[in-house]
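# Examination of the molecular architecture
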Amino acid sequence: MEERITAIKAKFAAAKEKELEELILLYREDSRAGVRQEVERAEKRILKWEQEKERTAALWKYERLYCTYTNICGIDEVGRGPLAGPVVAGAVILPKDCDILYINDSKKLGAKKREELYTQIMQQAVATGIGMAAPQRIDEINILQATYEAMREAISKLSVPPDILLNDAVTIPEVDCRQIPIIKGDAKSISIAAASIIAKVTRDRIMAEYHESYPEYGFLSNKGYGSEEHIEALRKYGPTPIHRHSFIKRFWNEAVGANYGD
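Criteria and thresholds
Residues numbered from 1 in each chain as written. Predicted model: local features only at pLDDT ≥ 70, side-chain atom pairs only at ≥ 80, totals over all residues. Heavy atoms only, no water. Axes fitted to C-alpha atoms, helices over the stretch in contact; angles between N-to-C directions. Helix = DSSP H or I, 4+ residues; strand = E, 2+ residues; numbered from the N terminus. Left-handed = near helix turned anticlockwise from the far one by under 90°. Contact = heavy atoms within 4.5 Å. Nonpolar A, V, L, I, M, F, W, Y, C, P; charged D, E, K, R; others polar. Salt bridge = Lys/Arg side-chain N within 4 Å of Asp/Glu carboxyl O. pLDDT = per-residue confidence, 0-100. Patch = residues over 30% accessible without salt bridge, like charges linked within 9 Å, V, L, I, M, F, W, Y side chains within 5 Å. Areas by Shrake-Rupley, 256 points an atom, 1.4 Å probe, with all protein chains shown as cover. Lys, Arg positive; Asp, Glu negative; His and termini not counted. Charge placed at Lys NZ, Arg CZ, Asp CG, Glu CD. Buried < 20%, exposed > 50% of the residue type's maximum accessible area, 1.4 Å probe, protein only.

Another aspect to go through is the packing of helix α5 (residues 111–124) against helix α8 (residues 190–213). Across the interface, α5 lies against α8 with an axial gap of 9 Å and an inter-helix angle of 115°. The crossing of α5 and α8 is left-handed. On α8, the residues that touch R114, E115, L117, Y118, I121 and M122 of α5 are A194, I197, I198, K200, V201, T202, D204 and R205. Looking at the contact of α5 with α8 residue by residue, the class counts come to 8 nonpolar, 1 polar and 5 charged.

On to the pattern of salt bridges. In the structure shown here, the tally under the stated rule is 17 salt bridges. Where E3 meets K11, a salt bridge forms, and the shortest distance between an N and an O atom there is 2.8 Å. Between E153 and K157 there is a salt bridge, and its shortest N-O distance comes to 3.0 Å.

The next subject is the confidence of the model for the protein. Model confidence for the protein is summarised by a mean pLDDT of 93, while 95% of its residues fall at 70 or above. This model gives residues 255–262 a pLDDT under 50, and the stretch forms 2 contacts once residues within four places in sequence are excluded.

The next thing to look at is a positive patch on the surface. A cluster of basic side chains, namely K61, K108, K184 and K188, defines a positive patch on the protein surface. Within the secondary structure, K184 is located in the loop between β5 (178–182) and α8.

When glycine is set aside, most residues are seen to have a negative phi, and most peptide bonds are trans. Despite not being glycine, N142 shows a phi value in the positive range, around 85°. Position of N142 among the secondary structure elements: in the loop between α6 (135–141) and α7 (143–156). Judged by relative accessible area, which is 40%, N142 ranks as partly exposed. A positive phi angle, near 80°, is found at A169, a position not held by glycine. Note that A169 resides in the loop between β4 (164–168) and β5. Using a relative accessible area of 39% as the deciding quantity, one classes A169 as partly exposed.

Written out as structure tokens, the structure is:
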């Protein structure tokens with residue numbers, strides 16, 4: 001009895017990329033249009049998978065360059081530019097046989113893919129660390145110094161001490177081990193990209209929680225950045241305890257001046 005096309009489609013849908021080649025060989029000679037379409041889709045999936053493996057392999061360039069170091073740690077931050085919320089830094093040491101695909105600069109990934117990768121990174125990493133600086137601390141010591149502070153905290157949270165740091169563009173003061181600053185490192189180093197993902201997901205979750213307390217500012221969508229909605233709410237309602245006063249002076253002063261007829 002001939003196998004139903006719906007059953008064949010279910011097999012292709014459930015198969016992982018590594019299993020697709022066997023299915024393609026099994027059904028390549030099936031003349032039914034529906035089966036031929038599944039075979040063609042599977043071939044395209046394999047092609048994309050192979051391309052992704054090549055892209056990911058290229059991201060190991062710096063990790064291969066410094067392979068004599070045992071624990072290579074990527075460092076990155078998110079949230080330097082927003083008007084509200086913390087700046088968050090991530091630190092990640094990946095195993096040298098790590099096979100996670102689709103890791104990339106967090107800005108190039110959608111929220112769903114970031115969440116998926118966050119889970120994989122947290123499960124497979126040798127060690128991870130998160131550090132952050134609150135808005136009040138940013139106002140106190142400025143955003144650059146607060147970012148360095150968050151990065152040092154992230155490093156201190158690692159359960160395994162790093163032997164070398166791969167940083168996204170910066171050299172962090174008051175850190176003892178060797179540092180390699182890489183311009184646009186989150187797009188060039190898999191360790192830095194992984195750090196950017198865990199930092200981004202952590203910060204986005206924090207801003208989603210703040211949205212529950214301050215829904216009028218739209219933190220769920222703008223994550224504290226200066227969107228039109230956010231700035232209008234700031235002018236209307238004033239700052240919250242999570243706003244960076246050193247960042248909002250212009251918008252808030254304009255609103256205060258308008259209220260007093262200046």
